Amino acid sequence: MKYRSVFDIIGPVMVGPSSSHTAGAVRIGLVARDLFGGTPSQADIYLYGSFMETYKGHGTDVAIVGGLMGFDTDDSRIPDALNIAKETGMVVSFIEMSEEKSHPNTAVVHMSDGDKELTIEGISIGGGKIEIVALNGFPLAISGNYPTLLVFHQDTFGSIANVTQILGRHHINVGQMQVSRKEKGDIALMTCELDDEITEDILNEIRSCQGIQTVTLMEES
């Protein structure tokens with residue numbers, strides 16, 4: 001299927017196949033790239049429900065890959081994203097999944113580059129809006145509409161308090177916060193949607209706290 005322009009696959013920002021299957025899919029790719037810290041060398045994209053049934057006809061495949069390469073929703077390169085990815089050396093696989101998910105427009109994106117790996121699960125909820133509902137198997141709920149701090153830390157006393165105290169000292173307001181863990185005392189994930197921008201100095205201050213493993217800032221999209 002050929003497109004005359006990117007708007008042939010994205011269409012207006014509205015609830016319906018165009019925004020859900022293309023604009024929303026681009027945003028899933030963009031957030032995945034942001035969390036990974038750049039373009040992966042390999043991406044395995046697992047498609048569920050409606051995404052799985054119509055991803056070629058509705059441009060979901062080129063949309064997600066375009067997002068992984070940093071193309072925004074109105075980028076004219078999106079229709080040719082698969083070819084561009086191939087030219088740059090990115091290896092992309094699409095896996096059709098029959099398993100049912102809680103939302104019909106679900107994509108799980110596993111990214112890798114050497115020893116670096118990251119898996120996110122995203123859903124497109126309509127109107128070009130998305131939610132990221134899992135990161136490396138940890139459940140979460142982030143929209144990408146606000147700067148979001150993601151902190152992997154040891155599940156020990158004081159780890160969460162150390163982070164929130166640093167944010168408080170710098171007058172950074174937390175709009176929403178979530179902590180999830182798989183086992184008591186193991187690695188936990190703290191996510192904080194912030195009302196304010198956060199500097200690299202503050203991120204480094206958080207990284208220096210005892211028990212903190214990795215700190216990532218997902219920029220407002």
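Parameters at a glance
Per chain, residue numbering runs from 1 following the sequence as it is written. Only residues with pLDDT of at least 70 are given local features in this predicted model, and only at 80 or more are side-chain atom pairs given and counted; all residues enter the totals for whole chains, interfaces and linings. Water and hydrogen atoms were dropped before computing side-chain values, which therefore reflect all heavy atoms in the structure. UniProt positions are given in the numbering used here, feature names are shortened, and annotations may be inferred rather than shown by experiment. By the criteria applied, helices consist of DSSP H or I runs no shorter than four residues and strands consist of E runs no shorter than two, each listed in order from the N terminus. Polar contacts, as used here, are pairs of N or O atoms within 3.5 Å; protein pairs need one atom able to donate a hydrogen and one able to accept it. Residues neighboring in sequence count only if both atoms are side-chain atoms. Between two residues, a contact is recorded if the distance between any of their heavy atoms is within 4.5 Å.

You'll find the chain entered in an unreviewed UniProt entry as L-serine deaminase, with Macrococcus lamae given as the organism. Here the chain is described in UniProt, under the heading Sequence similarities (unreviewed entry), as follows: "Belongs to the iron-sulfur dependent L-serine dehydratase family." The record in UniProt for the chain states the following under Catalytic activity (unreviewed entry): "L-serine = pyruvate + NH4(+)".

Undergrad: I would appreciate a short explanation of the UniProt feature "domain: ACT" (unreviewed entry) in the chain in the present structure.
TA: Under the present numbering, the feature "domain: ACT" (unreviewed entry) in UniProt falls on residues 148-220. Counting secondary structure, residues 148-220 comes out at 26% helix and 41% strand; the distance between its end C-alpha atoms is 7 Å.

Undergrad: Help me out: how do you make sense of the side chain of H110 in this one?
TA: Mapped onto the fold, H110 is located in strand β3 (residues 105-113). Separated by 2.6 Å, the side chains of H110 and T119 make a polar contact. Discounting chain neighbours no more than four positions away, the residues touching H110 are Q42, A43, D44, Y46, E117, L118 and T119.

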